[in-house]
Amino acid sequence: QVQLVESGGGLVQAGGSLTLSCKATGGDFSGSMMGWYRQAPGKQRELVATVTSGGNTNYASSVTDRFTISRHNAKNTVDLQMNSLNAEDTAVYYCNVRRVLAPRYTYWGQGTQVTVAS
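Residue indices begin from 1 for each chain and proceed along its sequence in written order. Totals for whole chains, interfaces and linings use every residue, but because this is a predicted model, local features are given only for residues with pLDDT of at least 70 and side-chain atom pairs only at 80 or more, for both listing and counting. Only heavy atoms go into the side-chain values, all of them from the structure, while hydrogens and water stay out.

J.: Please explain the pattern of salt bridges as it appears in this structure.
T.: Close approach of charged atoms allows side chains with opposite charge to pair. Salt bridges are identified by distance alone: a Lys or Arg side-chain nitrogen within 4 Å of an Asp or Glu carboxyl oxygen. If you walk through the whole model with that rule in mind, you get 3 salt bridges. One salt bridge connects Glu46 with Arg38, and the closest N-O pair in it is separated by 2.7 Å. A salt bridge links Arg66 to Asp89; the shortest N-O distance between them is 2.8 Å. Highlighted residues: Arg66 in the loop between β6 (57–59) and β7 (67–72) and Asp89 in the loop between β8 (77–82) and β9 (91–99), separated in sequence by 23 residues. One exposure class covers both Arg66 and Asp89, and it is buried. Here the residues in one salt-bridge network are Arg38, Glu46, Arg66 and Asp89, joined through shared partners. For helices the rule is a DSSP run of H or I covering at least 4 residues; for strands it is a run of E covering at least 2, with both sets numbered from the N terminus onward. Residue exposure (1.4 Å probe, protein chains only): buried if accessible area is under 20% of the type maximum, exposed if over 50%, otherwise partly exposed.

J.: Explain the environment of Gly15 to me, please; I cannot follow it from the model alone.
T.: Among the structural elements, Gly15 can be located in the loop between β2 (10–13) and β3 (18–25). What makes Gly15 exposed here is its relative accessible area of 53%. The sequence separation of Gly15 and Asn83 amounts to 68 residues, and the corresponding C-alpha distance is 7.1 Å. In this description, contact between two residues means that some pair of their heavy atoms is separated by no more than 4.5 Å. Not counting the four nearest positions on each side in its chain, Gly15 is found in contact with Ser84 and Leu85.

J.: Would you mind going over unusual backbone geometry with me for this structure?
T.: Excluding glycine, most residues fall at negative phi; most peptide bonds, likewise, are trans. Of the consecutive residues Ala102 and Pro103, the connecting peptide bond is found in the cis state with omega at -5 degrees. Positive phi, close to 75 degrees, is recorded for Asp65, a residue that is not glycine. Relative to the helices and strands, Asp65 resides in the loop between β6 and β7. With relative accessibility at 78%, the residue Asp65 sits in the exposed group. A positive phi angle, near 50 degrees, is found at Ser84, a position not held by glycine.

If you want it as structure tokens, here you go:
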């Protein structure tokens, strides 16, 4: 059974930093894309950043130059280093693993709360 376990959320002052971590277990994640999404109260879930197994990254324009996503293929982990946090970054952050080629799948973590105090 596939599980995505997130850690690292919490409360931080504006301008501060946090690192989120996600470990995927119970499956073969080769060829997958791993990433982070977030959902603020009253808003739709949105992409934050993704990274392919080959290391190609993609970021939402709102986090470019502040957030860095990294992946360790052998450990099936993906981290999100978040710097210069502001109140607009407050949200529940979800880890995501998906594969668009057969065998296709999409898995989500349970979410971790990030709160930025201004």
